[in-house]
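Okay, here's what each chain looks like letter by letter:
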Amino acid sequence: MYNRSYFIKTLVLIISLFIATISFAQVPNKTVKDLKGGRVENDTTPIYRLPWKVGMKVLLVQGWQSNLSHRGELAQDFKMKVNTPIYAARDGIVTQVKSDGKKAGLKEEYLSEGNNIVIMHCDSTFAGYWHLNYSGVFVSIGDTITQGQKIGLSGHTGYSAFPHLHFMVFKYDKERRRTIPIRFQTRKGPRYIRPGRRYRAV
Ligand SMILES: [Zn+2]
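Please set out the overall build of the chain residue by residue, giving values where relevant.
When helices and strands are counted, the chain shows one helix and 16 strands. Counting across all 202 residues of the chain, residues that qualify as buried make up 29%. Sequence-distant contacts, at least 24 apart, represent 66% of the contacts inside the chain between residues at least 6 apart.

Given below as structure tokens:
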């Protein structure tokens, strides 16, 4: 009698664990599918503003973890002409600027030539705006920035194959810089944007 009850209890435990595993597995699968589709329900992550003029349409040429130059990076490359005004995607404080770079190309020696602005947000994440034009930085370290404020001009400096804006949001994980997935406000609402599509700033 004791053995039989023990057997049933063990069986129930195994079945419960099996069901728990299946239902748990469904949650991340659904999230990945929704992320790919650009729609996530009950998402509480911050909403970023596309960093160019309202009404202007810009092509996302390279998205997350692309093999060309975003290997392991959740960054986005927006194709735009040199000297396109760049607007802050989110409120924050400027923590880094560089505007004296002139060279560009796909050589490692150009990595440090990229003019850039880094802005820290209230949740200790940072936004990086890269490849800005020579002297194309309108802000200084310590400045308080509001979302939508004009902060600089796009360009083609540093490790760059063509004029574009490299935009990424990252945080520090044990002093290592780690890029994070972000969503933008689009005409259809907040979306995780996809390469090969044009997006209008709203
Ligand atoms: Zn890039």
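Quick rundown of the pairing of strand β12 (residues 164–173)? Include the residues and the values.
Along any regular strand, the residues point their side chains to alternate faces of the sheet. Pairing of strand β3 (residues 75–79) with β12, which is carried by five bridges, proceeds in the antiparallel orientation. In the strand pairing of β12, Ala-75 is matched with Met-168. As judged from the five bridges shared by strand β8 (residues 126–132) and β12, these two strands associate in the antiparallel manner. Across the sheet, residue Gly-128 finds its bridge partner in β12, namely Met-168.

Please set out unusual backbone geometry residue by residue, giving values where relevant.
Its identity as a non-glycine residue notwithstanding, Gln-65 has a phi of 50°, on the positive side. Examined against the element boundaries, Gln-65 turns out to sit in the loop between β2 (57–62) and β3. Residue class for Gln-65 comes out exposed when judged on the 12 C-beta atoms lying within 10 Å of it. Phi is positive for Asn-83, which is not a glycine, with a value near 75°. Relative to the helices and strands, Asn-83 resides in the loop between β3 and β4 (85–87). Note on Asn-83: 13 C-beta atoms within 10 Å, which makes it partly exposed.

I'd love a proper account of the nonpolar core, names of residues and values included.
Within the largest apolar cluster, 32 residues are counted, with the highest numbers of intra-cluster contacts made by Trp-52, Ile-86, Ile-117, Tyr-129 and Phe-167. Put simply, the parts of the chain that give this core at least two residues each are β2, β3, β4, β7 (115–120), β8, β10 (150–153) and β12. With five residues, β8 is the largest single contributor of residues to this core. With sequence-adjacent residues up to four places away left out, Phe-167 is seen in contact with Pro-51, Ala-75, Gln-76, Phe-78, Ala-89 and Tyr-129.

Requested: an account of the pairing of β8, with residues and values cited.
Counting buried residues along β8, six of its seven residues qualify, which places the element largely inside the surrounding structure. Judged from the six bridges that link them, β7 and β8 form a sheet pairing that is antiparallel. In the strand pairing of β8, Asn-116 is matched with Trp-130. In textbook terms, the turn of a hairpin is the stretch between consecutive antiparallel strands, and for β7 and β8 this stretch comprises five residues, one of which, Ser-124, has a positive phi near 65°.

For the sheet that holds strand β14 (residues 183–186), give the residues involved together with the corresponding values.
Ordered in space as β1-β14-β15, the three strands form an open sheet in which the pairing is mixed. Whereas interior strands pair on both sides, the edge strands pair on one side only; in this sheet they are β1 (47–48) and β15 (189–191). Sheet topology places β1 next to β14; two bridges connect them, and they run parallel. Bridge pairing links Ile-47 to Arg-183 in β14.

Conventions and cut-offs
- Residues numbered from 1 in each chain as written.
- Predicted model: local features only at pLDDT ≥ 70, side-chain atom pairs only at ≥ 80, totals over all residues.
- Helix = DSSP H or I, 4+ residues; strand = E, 2+ residues; numbered from the N terminus.
- Buried ≥ 20, exposed ≤ 12 C-beta atoms within 10 Å, placed from the backbone.
- Contact = placed C-beta atoms within 7 Å.
- Pairing = 2+ DSSP bridges.
- Core = buried A, V, L, I, M, F, W, Y, C linked by C-beta atoms within 7 Å.

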